[in-house]
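# Remarks on the overall topology
Single-letter residue listing:
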Amino acid sequence: MGRRSRGRRLQQQQQRPGSAEDGGKRNGAGWEGGYPEIVKENKLFEHYYQELKIVPEGEWDQFMGALREPLPATLRITGYKSHAKEILHCLKNKYFKELEDLEVDGQKVEVPQPLSWYPEELAWHTNLSRKILRKSPQLEKFHQFLVSETESGNISRQEAVSMIPPLLLNAHPHHKILDMCAAPGSKTTQLIEMLHADMNVPFPEGFVIANDVDNKRCYLLVHQAKRLGSPCIMVVNHDASCIPRLQMDVNGRKEVLFYDRILCDVPCSGDGTMRKNIDVWKKWSTLNSLQLHGLQLRIATRGAEQLVEGGRMVYSTCSLNPIEDEAVIASLLDKSDGALELADVSSELPGLKWVPGLSQWKVMTKDGQWFASWDDVPHNRHTQIRPTMFPPKDPEKLQAMHLERCLRILPHHQNTGGFFVAVLVKKASMPWNKRPPKLQGEPAVPQASVPPNPVEPPAGSTSDPSELESKLAPGISDTEAMETAENVENSGSKKDGVCGPPPSKKMKLFGFKEDPFVFIPEDDPLFPPIQKFYALDPSFPKTNLLTRTTEGKKRQLYMVSKELRNVLLNNSERMKVINTGIKVWCRNNSGEEFDCAFRLAQEGIYTLYPFINSRIITVSLEDVQVLLTQENPFFRKLSSEAYSQVKDMAKGSVVLKYEPDPTKPDALQCPIVLCGWRGKASVRTFVPRNERLHYLRMMGLEVPAGKKREGAVGAPGAGVASPAELEDGVDAASPAEPEDGAGAEQEAGLDTSSGGDPAGAGLPR
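Please read all numbers here as calculations on a predicted model, not as lab measurements. All residue numbers here refer to positions counted from 1 along the written sequence of the relevant chain. Totals for whole chains, interfaces and linings use every residue, but because this is a predicted model, local features are given only for residues with pLDDT of at least 70 and side-chain atom pairs only at 80 or more, for both listing and counting. Derived side-chain values reflect all non-hydrogen atoms in the structure, with water molecules and hydrogen atoms excluded from consideration.

In this section: helix H22 (residues 689-698). Think of an α-helix as 3.6 residues a turn; residues three or four steps apart then line up on the same face. Exposure categories follow from relative accessible area, calculated using a 1.4 Å probe and restricted to protein chains: below 20% of the type maximum is buried, above 50% is exposed, and the middle band is partly exposed. For the purposes of this entry, the term helix denotes a DSSP run of H or I that reaches at least four residues, the term strand denotes a run of E that reaches at least two, and both are numbered from the N terminus. With eight of its 10 residues buried, H22 lies for the most part within the structure. The set of residues buried in H22 consists of Arg-689, Arg-692, Leu-693, His-694, Tyr-695, Leu-696, Arg-697 and Met-698.

See the structure below:
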């Protein structure tokens, strides 16, 4: 650019409004004022919902007023019962008490309040903004607590209304659960917690299969689920509207997998989220609802097909539009021909305020044209508006549907977002699956007898059973569909115990290529040294161990429940699995020096611990503090009880167990199990940083904000430990070993290690 051009540009800038001469302001909204505020008005929105009468008479102004207010932050205490209760105790008796008489800028701070309808006070809401949180030392401390506990997965920021569907699903530890549209995963974590209601049962009979159509969001789902360390969760990547029908081996016979509970939280227009997604105010129109209705109905129908008789399915949206809500439910009930019915759940969440579902509504186009019935819709609108969008004409049929049993959550009733929930119970098979089943064929061929080399299907044949299933006649029964799928699967074969990604090319066109899930054979020489070193109980389910590689050294061993193993082995050809299992053992780089080449991983220690009978050191609360704040404490720094256990133990991986003392109610009342390493004269823990800080906080120790980066921890009135005393992260001692075959954690860019490798630098001496 020449000198004259630069001069002309400078002159033009000086002449423009909003230049440096008027204080850096741009058209009055300027750099100082930021972006102009979005006007929270939409006349079409108000006209539409006033016409539909979704709000009780006399409450419209409160409804609109609530929508214009920012949504209060809500948090849910996650994790299993004893740990969740300990966090709740810490929140109520420490952090909330400090806020009771606090004033900021002359205004009294509003203390967080529990959600009246959520069980056991495990969900809270607060109106504290980020700006206020930074203005007071007490609030800053509370903020640091929330951030740290959220990072470690013990507290989840989750909108209040989104906690409702899992509660109404009423899941139990023995239930097989499908979450059809699961990402980002907050509802999935609730379901996993329900499976593990009894912490003393490491492998519940039930499981959760969490699905999402978006490959990238599946990795977010993996990250959320991993925080809970459950062997009963599998993340899969499919379009929910045609999610494959799975099968399980039952006494040598392959049977269709029907789910006891299905969560169907479908994609929606989201106009119930206006309080947090303010873009909805200017973008809202009825077009989104009209476009989504068909997809929502297909997803709900597919869910109903896969529900067991007597099972429960929850359909939910964060939309207030009956086209996405009651219209979908009415259409599903209509075509189910009595196989489905709406459950009355009015008394299941005492304290929750809701209004009944609508039984009459109209359809409006994006330009404001109304249609009361399908007969009124002109032919040129038939592609945009469908007959399933209207309420049933027959008054008796409409009354028998009991649409008033649907729950509508309105923002002004309990200061929440808008939401819709319907609970469906399956009474019989869907009409198109009612043909009498044929006798099943021969028992399934055992895995070991299958030739190891894959065989390509003949040219022109269907290689993907889910593709074949979609081509079957609408009246085909579940059993016939399974037999046909089984024949296709058995026309090709796979390696013994290897569950690879599906062969279908279309499923590899998007997302990462996943590594196979390879179960450890019963006669694998890898396992006996592990069994001997840790004195594993004979009941240990070693067939449930898997790796993510078919070649080379097995670096990580994962664990799944028996039921999920069954699902994996029988469905690898029709299902794209992103992740399953929890890491229980990691290989040492120089494991041959020790009696066992594998050390314990913190991620899966709560699952593994009940089966371990050796290498256990019982520690006191003071020992836990020493172990978590010092990198390699010598044996003599431990209590005499712990010292007597560790001094004669061979070098290698150990379990450090703290058992609460019920006679000391003021002490920590949840059990703690840590992975450690016994060196020559010292012992250390291999615990992720966030988990480490969590346990210290539960013991009453604080993490000063300024020292957090260095990893220092201070006790009240006891000063601050030196940065060397608390390792900055588990992997500070040595680099993490890479995942075998780049599993989901690597693809998501997550920290896959539960500790540094003891064979590397930082090994206790």
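Attention now moves to the side chain of Thr-301. Checked against the element boundaries, Thr-301 lands in helix H11 (residues 287-305). Under the relative-accessibility criterion, Thr-301 is labelled buried at 8%. Whether two residues are in contact is decided by their heavy atoms, any of which lying within 4.5 Å being enough. Those residues within four positions of Thr-301 in sequence are excluded, and the remaining contacts are Leu-332, Lys-335 and Trp-432.

This part takes up the pattern of salt bridges. Put simply, a salt bridge is a Lys or Arg side-chain nitrogen that is within 4 Å of an Asp or Glu carboxyl oxygen. Enumeration over the complete set of coordinates arrives at 23 salt bridges. Between Arg-68 and Glu-41 there is a salt bridge, with its nearest N and O atoms 3.3 Å apart. Separated by 27 residues along the polypeptide, Arg-68 in helix H3 (residues 60-68) and Glu-41 in the loop between helix H1 (3-15) and helix H2 (43-52) bring together distant segments of the chain. Judged by its relative accessible area of 27%, Arg-68 falls in the partly exposed class. Glu-41 sits in the partly exposed class, given a relative accessible area of 37%. Across the salt bridge formed by Glu-193 and Arg-76, the nearest N and O atoms sit 3.1 Å from each other. Note that Glu-193 is positioned in helix H8 (residues 186-195) and Arg-76 in strand E1 (residues 73-77), a separation of 117 residues in sequence.

Moving on: the side chain of Ser-230. Turning to its location among the elements, Ser-230 is positioned in the loop between helix H9 (215-226) and strand E9 (233-236). The class of Ser-230 is buried, set by a relative accessible area of 2%. Under the rule applied, a polar contact is a pair of N or O atoms within 3.5 Å (in protein, one hydrogen donor and one hydrogen acceptor; residues adjacent in sequence only if both atoms are side-chain atoms). A distance of 3.0 Å separates a polar side-chain atom of Ser-230 from the backbone nitrogen of Cys-232. Discounting residues that sit within four places of it in the chain, Ser-230 has contacts with Tyr-80, Ile-192, His-196 and Ile-582.

Before going further, it helps to spend a moment on the packing of aromatic side chains. Two aromatic rings, drawn from Phe, Tyr or Trp (for Trp, its six-membered ring), form a pair once their centres lie within 6.5 Å of each other, and the interplanar angle then sorts them: stacked below 30 degrees, edge-to-face above 60, tilted otherwise. Within this structure, the stated rule accounts for 20 aromatic pairs. On the numbers, 5.8 Å between centres and 10° between planes, the contact of Phe-527 with Phe-540 is stacked. In this pair, Phe-527 is assigned in helix H17 (residues 527-533) and Phe-540 in the loop between H17 and strand E22 (545-547), connecting sequence segments 13 residues apart. Phe-540 matches Phe-527 in its accessibility class, with the two residues each being buried. Taken together, a centroid distance of 6.0 Å and an interplanar angle of 40° make the contact between Tyr-534 and Trp-585 tilted. Note that Tyr-534 is positioned in the loop between H17 and E22 and Trp-585 in strand E25 (residues 582-587), a separation of 51 residues in sequence. Three or more aromatic residues joined by ring pairs make a cluster, and in this case those are Phe-203, Phe-527, Phe-533, Tyr-534, Phe-540, Trp-585 and Phe-611. Taking NZ or CZ as reference, Arg-548 lies 3.9 Å from the ring centre of Phe-517, over its face. Above the face of the Phe-519 ring, Arg-565 is positioned so that its terminal group lies 5.0 Å from the ring centre. Only lysine NZ and arginine CZ atoms are considered, and such an atom sits over a ring when it is within 6 Å of the ring centre and within 35 degrees of the ring normal.

Two strands form a pair only when DSSP identifies at least two bridges running between them. Two elements, strand E7 (residues 176-179) and strand E8 (residues 207-211), share four bridges in a ladder whose sense is parallel. The partner of Leu-178 across the bridge, within E8, is Ile-209. The pairing of E7 with strand E12 (residues 259-265) spans three bridges and is classified as parallel. Opposite Ile-177, over in E12, you have Arg-261 as the bridge partner.

For the bond running from Ala-183 to Pro-184, omega is 5°, close enough to zero to count as cis. Tracing the sequence through the fold places Pro-184 in the loop between E7 and H8. Positive phi values are uncommon outside glycine, yet Lys-53 reaches one of about 55°. By the element assignment, Lys-53 lies in the loop between H2 and H3. A relative accessible area of 64% places Lys-53 in the exposed class. Backbone geometry places Asn-170, a non-glycine residue, at a positive phi of 55°. If you trace the backbone, Asn-170 turns up in the loop between helix H7 (164-169) and E7.

Turning next to the UniProt feature "binding site: S-adenosyl-L-methionine" (unreviewed entry) in the protein chain. UniProt positions are given in the numbering used here, feature names are shortened, and annotations may be inferred rather than shown by experiment. In the numbering used here, UniProt assigns the feature "binding site: S-adenosyl-L-methionine" (unreviewed entry) to Cys-181, Ala-182, Ala-183, Pro-184, Gly-185, Ser-186, Lys-187, Asp-212, Asp-239 and Asp-265. Since its relative accessible area comes to 37%, Pro-184 is described here as partly exposed. When near neighbours in sequence (up to four residues on either side) are disregarded, Pro-184 contacts Arg-217, Leu-220, Leu-221 and Gln-224. Tracing the chain through its elements places Asp-239 in the loop between E9 and strand E10 (247-250). Among the polar contacts listed, one links the side chain of Asp-239 to the side chain of Ser-241, at a separation of 2.9 Å.

So, on to H9. Between the first and last residue of a helix there are one fewer steps than residues, each counted as 1.5 Å, and that sum is the expected span. Taking 1.5 Å of rise per residue, 12 residues should cover 16 Å, and H9 covers 17 Å from first to last C-alpha, within 8% of that figure. Taken together, the buried positions of H9 are Asn-215, Cys-218, Tyr-219, Leu-221, Val-222, Gln-224, Ala-225 and Lys-226. Between the side-chain oxygen of the N-cap and the backbone nitrogen of Lys-216 there are 2.9 Å, and the N-cap of H9 in question is Asp-214.

Structurally, Ala-300 can be placed in helix H11. Between the C-alpha atom of Ala-300 and that of Val-328, which follows or precedes it by 28 residues, the distance is 8.0 Å. Every residue in contact with Ala-300, bar those within four places of it in the chain, is listed here: Cys-264, Met-313, Tyr-315, Val-328 and Leu-332.

Another aspect to go through is the sheet that holds strand E5 (residues 123-126). Strand order in the open sheet formed by four strands is E4-E5-E1-E6, with antiparallel pairing between adjacent strands. Edge positions in the open sheet fall to strand E4 (113-114) and strand E6 (155-157), since each of these has one partner strand only. Alignment of E4 against E5, held across two bridges, turns out to be antiparallel. Residue pairing for E5: Pro-114 is matched across the bridge by Trp-124.

In a beta sheet, neighbouring strands are held together by backbone hydrogen bonds and run either parallel or antiparallel to one another. The strand order E27-E28-E29-E30 describes an open sheet built from four strands, whose pairing is mixed. The open sheet has two free edges, formed respectively by strand E27 (616-618) and strand E30 (683-685), since each of these has just one partner strand. The sheet shows a mean angle of 35° between the axes of neighbouring strands, direction not considered. Direction of pairing for strand E28 (residues 652-658) relative to strand E29 (residues 672-678): antiparallel, over a ladder of seven bridges. Its bridge partner lying in E29, Ser-653 is registered against Trp-677. Note on method: axes are straight lines fitted to C-alpha atoms, helices fitted across the in-contact stretch only, with angles between N-to-C directions ranging 0 to 180 degrees.

A few words on the packing of helix H6 (residues 137-151) against H22. For any two helices packed against each other, the geometry comes down to the angle between their axes and how far apart the axes lie. Packing of H6 against H22 leaves a shortest axis separation of 9 Å and a crossing angle of 130°. Looking at the two axes, H6 sits oblique to H22. The two elements H6 and H22 cross, and the hand of that crossing is left-handed. Between H6, through Phe-145, Ser-148, Glu-149 and Glu-151, and H22, the contact on the second element is made entirely by Asn-690, Leu-693, His-694, Arg-697 and Met-698. Under the convention adopted here, Pro, Cys and the residues Ala, Val, Leu, Ile, Met, Phe, Trp and Tyr are nonpolar, Asp, Glu, Lys and Arg are charged, and Gly plus all remaining residues are polar. Counted by class, the contact of H6 with H22 contains three nonpolar, three polar and three charged residues. An angle below 35 degrees is read as roughly parallel, one above 145 as roughly antiparallel, one from 65 to 115 as roughly perpendicular, and any other as oblique. Take the far helix as the reference: if the near one is turned anticlockwise from it by less than a right angle, the crossing is left-handed, and if turned clockwise, right-handed.

The next subject is the nonpolar core. Take the buried Ala, Val, Leu, Ile, Met, Phe, Trp, Tyr and Cys residues and link them wherever side-chain atoms come within 4.5 Å; each set so joined is a nonpolar core. Counting residues in hydrophobic clusters, the biggest one holds 170 residues, and the most contacted among them are Phe-63, Trp-117 and Ile-329. For this core, the leading source of residues is helix H4 (residues 81-99), giving eight residues. Non-local contacts of Trp-117, meaning those with residues more than four positions away in its chain, are made with Ala-160, Met-163, Ile-164, Leu-167, Leu-349, Pro-350, Gly-351, Leu-352 and Gln-414. With 25 residues, the next largest nonpolar core counts Ile-520, Phe-533, Trp-585 and Cys-596 among its residues.

Viewed as axis vectors pointing N to C, H2 and H3 meet at an angle of 140°, and their least axial separation amounts to 12 Å. Comparing their axes, H3 and H2 come out oblique. Considering only the axes of H2 and H3, their crossing is right-handed. Of H3, the residues touching H2 (which contributes Phe-45, Glu-46, Tyr-49 and Gln-50) are Trp-60, Phe-63, Met-64, Leu-67 and Arg-68. Split by residue class, the contact of H2 with H3 holds six nonpolar, one polar and two charged.

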